Amino acid sequence: MRSGSALLAGGIAVVWGVVYLVTQVVVDPPLGVGTTVVAGVAVTLAVVLGYPSALRGPRSATVLRRGPEPRRGGARGLVAGGRAMPLRSGLTADAARRTADLLRPLLRGDAVAITDTERILAFVGPGDDHHRAGRPVRASVTLKAITTGRSATSRSTADLGCGEPDCPLAGAVAAPLVVENRVVGALVVLRTGPEPAERGQVEDMAGILSLHLELAEADRERELAADARLHALRAQINPHFLFNVLNTIASKSRTDPEEARALLLRLSDFFRYAVRQDGQLAEFAQEYFFVRTYLTLEQARFGDRLRVRYDIDPQVLTAHVPVLTIQPLVENAVKHGLADKVDGGTVTLRARVDPLTRTTSIRVSDDGVGMSPEVLEELDGPHLTASQDGGRRARAAGAAGHAPADGNDATADEAGDEAVDDAVDRPSEGAGTVRGGRGGPHPHTGVGLRNISQRLTALFGSRFSLDVRSTPDEGTVIDLRVPLR
Amino acid sequence: MDDDALRLDVDEHDTPAEVDAAFRTLRRVAVWHFVLFLAAVLGVPALSLTLGWWSGARIDGGMSPGFAMAAFGLYVFFLAVGLAAATLSSAVEARMLGGAHEEAGDDDGEDAP
Amino acid sequence: MTPAGTTALVVLVTTLVLVAWLVRPRGASTVDFYLAGRRVGVATNALAICGDYFSAASFLGVAAAVYVSGLDGVWYAVGFAAGFVPVLLFVAAPLRRFGEFSIPDFLGRRLGSERVRLVSVGVVQVVILSYLIPQAVGSGITWQLLVGRGLPGLDPYGTGVLLSTTFVAALVAFGGMRGTTWTQAVQFLVLLSALVWLALAVVGSGFRYTEAVSDLSATPLANPVPGADGWELRVETDQIDPGAAAAFGEPGAAYGPLAQFALILTLVMGTAGLPHVMNRYFTSPTGTAARMTTVWVLGLAGLFYALAVMLGTAARQKIAEAAGEHAWLQGLTTDGVLRVPEHALPVLGRLYGGDVGLAVIAAGALVAVMSTIAGLLLAAAASWGHDVYERHINPRATQRQAVWAGRASTAVVALTAAGMAVVLQPDHLAPSVPSIVAAMVTWAFAIAGSALTPVFVLTIWWRGTTAAGAVAGMLTGGVTSIGMFVLGLLPVGPGLGEMLMTPTLVAAPLAAVVCVLVSRVTRPPSDVESQWLVLHGTAADRQAERLARLTISSLGKGRHGRRKGD
């Protein structure tokens, strides 16, 4: 938000400074005040008009560095800040082992174990020959702590449940690890002597660990939700798409081997890109590469029936957009808008940047079959407004479906789980209808859109908008606006 | 890696839609720069016709702003506009056309040392 | 002729012949002859373009125009330098990517029409000829001043014209483009060093640029005109404010309000249609390189013209100061003002460097003239030999025959231009324009900018352009601009005359409109989409770059392996 406005403000300040210098300081006699102000205003207007224009854009020719995109946002900072505590990155076996190593001298226990609700994640100290990490939790004292959610103490080897007669351990204190009132595991401190460790100390330590786990969970939940949807999107690369493309290539290899080879390369580019995307954001130019690769493959299949038009502003090329977001929108337009239309149609991708409001806007439109009002109504939700196109047709019907798009972040994460399921299901659902089982608008159109909207919610909160406008038989327009990064 | 072998075998290839997109973006770049250029190149004589100060005032006790502009300012401006347009157009082309082989090149680069 | 002058000329001529001989093309295929195999670096190519472009008009003419009319002369410098911005924006990269030999070739293939090719050959020849004449005039003037003696049966001016054109024609015919690419670059460096040396000498002697402009503007601008009893000074009237006297640092000494814009636009639009400059773009390795070449050219042109303007100003001040002290100046000046403004730089050179200085500047001028003539003759040879002879006169021509056709046309065009330059001696033309050389070059710019540039830009950026539209546009632009010249030579009144001499302001929009209208009612070529791929796609560029990278890396690996072996 700041950098773009600051640049413009700085630019205007410099302009006025230069105007002042040129007209008043170095020149004799100075220019009249009125004329100077007019000159300054004229130059300022030119700068403001030029700022969002095609005069700006990428300057460096080095292209498409496609390494892992560094993750953005606050989550990463918090994780990095707590690196000293291994559990800060979550309750994993490796983290648990390092934590146990760390805690053993602190708690003056002879052995320290960390478990989740079912298995021992780490065991450090005497007895680790048979109390192995990865084994199920059998010690009754630990099970008690896990089931009751309160710490428990034991003074007998029998309670440790190992059944080894010569186990050196004689007593234990187990304290539960709690995240959001849910027991996720236990910290167990064991002694070889009969006197168990101090219970309060173990409880305090378990509390600290719980806090770290809770923080890790909060970080991860955001990332996981976004990642999961990303994985879902990746998985969504439809087997039927691959099948169709390979079919096209096979038939072209007889008629036009050169083009077939070019298509094969495009296909490999397509998958390479889809699989290699590590981050959440990528330069628009890379996403654009992905989209045109996809559309080239589809065009090879549909021939003249699929016409493509890109309308791209130079400034948008270096803007960062969420990865694998635009291609599904385009795929949606091809599959549900045009595939069913006999004489085909045009898909238009329009990308713009408004550096003043710091918005990247992307519009995918088609002149295909459109969506029925029912589908649109179903789609309409907190972060996804869907309406009938009010532009050309009477507005009456469309307005009914409009819900206020105010942010409702609390529901986003709950909705996330559904979205993942939906997306995973999608290929099989799509399978039956790719070839137009019915002539009309597709009922599952919305699933991909909702999935994208939820992923965007995880990334941007309520600072984006996704609008769908559609008129049956006239086409669909999807408008996506995300913050300029 | 047989992917790369294939890549060597196939000539570079653009599709009409991609070229059309790059073409229209470049046209927008060129037209905007041309407007800027025309404004400057016609603005300097226009100012000398309309604004007495432009040719009457003295910079550093000598040249008028108009003369200074015509004697060196404009050439610097032409170079700046030209450089801006050339770098922008080339960068736009690099991002909007082709794009797969750069990565292959990078891979080669990584293998080399 | 002074001994120093002789020495300078001999050294110069020997160097050029040596360079042309050393880098002459080994094989004689047409591609080699015309295009040097397209392996010319960005900087070299930029220097060569400058060598082609900076002609007598730039070297002698700009300084002369500034000398005579102050700020109105500076517009020549601005216009000449600005011309490459539209080239960069609209022409350079697509032109290179389309990859044809010449402008007629480009238009012919793009529009799929032989008629377009032939019409554009005609327009190109007119442009080349009208560009060649002022170059020959420039060399005549320089010879006159430097040598002052002619061959038996010829006056000094005619001798200069004939010798320089013949010399360059021979150089082009037997050196080929490769020879000229390098010699062009070398020649431009010679030219630039001459200018830089003079600028340093002038500044070193205590010349204060800003004060000079101010001092010169203080008194009305007066120039010598041949009167009833010899030369006399006449105060220039302000064309913008009739009744007032014109001043050096203010507009109006030569051009009225509208004519100022007409002049600048004529020069700005003209460059993109100059065949010898555009032909250079076909020798860039890629479209992107063609663009960067133009950026270099813009930088070099800026430096060159800034210096030329400064020297024109310096000449106005210094020659007036020195006129009383040197006897040889008396014959050239009236009350301290040169009668032939093109003498400004050579005289300045003699003032600061004696005879050697004069020879250096004269050599620079001759180099400027010769490099431009070489470029023009080559463009003429390319369009005659390649577009007309190989395609229409003798389609089964062998490589050898085609090259010889090119050589023959070189000779014919050169002789025609020389003949016309002798006829059009500057003394015969009324001194109605700031500098006769600069003004004559403006005509070439006007025809190119009116007839070629609009059609050229439309064929590159508008799919709808048709062959009929292009022909109509070129003819409209050409006829309108030439018609306006003819009108302008008649006494039509002050202000309007200059305006008619720079017709692009009217002719270019007219040509564009006609081209668009005719194209609208005719069918564009059916293969326009596949041509678009070549014209605006970068596939071929990327392929070339990839091959270059592969070659370099395999070379590198080879060297690496050898080092390991050691």
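Residues numbered from 1 in each chain as written. Chains lettered and ligands numbered in written order. Predicted model: local features only at pLDDT ≥ 70, side-chain atom pairs only at ≥ 80, totals over all residues. Heavy atoms only, no water.

As recorded by an unreviewed UniProt entry, chain C carries the name Cation acetate symporter and is attributed to Myceligenerans indicum. Among the UniProt annotations of chain C, the heading Sequence similarities (unreviewed entry) holds the following wording: "Belongs to the sodium:solute symporter (SSF) (TC 2.A.21) family." UniProt lists a comment for chain C under the heading Subcellular location (unreviewed entry), and it reads "Cell membrane". (UniProt positions renumbered as here; feature names shortened; annotations may be inferred.)

Under an unreviewed UniProt entry, chain B has the name DUF485 domain-containing protein and belongs to Myceligenerans indicum.

**Considerations on the environment of Gln-187 of chain C**
Mapped onto the elements of the fold, Gln-187 of chain C is located in helix α9 (residues 156-204). Given the relative accessible area of 3%, Gln-187 of chain C is considered buried. (Helix = DSSP H or I, 4+ residues; strand = E, 2+ residues; numbered from the N terminus. Buried < 20%, exposed > 50% of the residue type's maximum accessible area, 1.4 Å probe, protein only.)

**Considerations on the sheet that holds strand β3 (residues 120-124) of chain A**
Residue and element names in this part refer to chain A. Ordered by their spatial adjacency, 5 strands build an open sheet running β3-β2-β6-β5-β4, and the pairing between neighbours is antiparallel. Each edge of the open sheet carries a strand with a single partner, namely β3 and β4 (152-154). Between one strand axis and the next, the sheet turns by 15° as a mean value, whatever way the strands run. With 9 bridges connecting them, strand β5 (residues 171-179) and strand β6 (residues 182-191) associate as antiparallel partners. The residue of β6 that forms the bridge with Val-178 is Val-183. The sheet contacts of helix α4 (residues 93-107) involve β2 (111-116), β3 and β6, and relative to β3 the element is tilted by about 35°. (Pairing = 2+ DSSP bridges. Axes fitted to C-alpha atoms, helices over the stretch in contact; angles between N-to-C directions. Contact = heavy atoms within 4.5 Å.)

**Considering the interface of chain B and chain A**
One frequently used descriptor of interface size is the decrease in accessible area upon assembly of the parts. In this assembly, 42 residues from chain B lie in contact with 50 residues from chain A. Carbon and sulfur atoms supply 56% of the area buried between chain B and chain A, which totals about 3,900 Å² over both sides. For Arg-266 of chain A, the salt bridge goes to Glu-18 of chain B, with nearest N and O atoms at 2.7 Å. Put simply, chain B and chain A have 9 residue pairs in polar contact (both at pLDDT 80 or more) between them. At the level of secondary structure, the elements contributing two or more residues to the side of chain B that touches chain A comprise α1 (2-9), α2 (16-50), β1 (58-59), α4 (65-96) and α5 (101-111) of chain B. Of the residues assigned to the side of chain B that touches chain A, the class counts are 21 nonpolar, 7 polar and 14 charged. For strand β1 (residues 27-28) of chain A and β1 of chain B, the ladder comprises 2 bridges, and the chain directions are antiparallel. (Buried area = accessible area lost by both parts, 1.4 Å probe. Salt bridge = Lys/Arg side-chain N within 4 Å of Asp/Glu carboxyl O. Polar contact = N/O pair within 3.5 Å; in protein donor to acceptor, adjacent residues only side chain to side chain. Nonpolar A, V, L, I, M, F, W, Y, C, P; charged D, E, K, R; others polar.)

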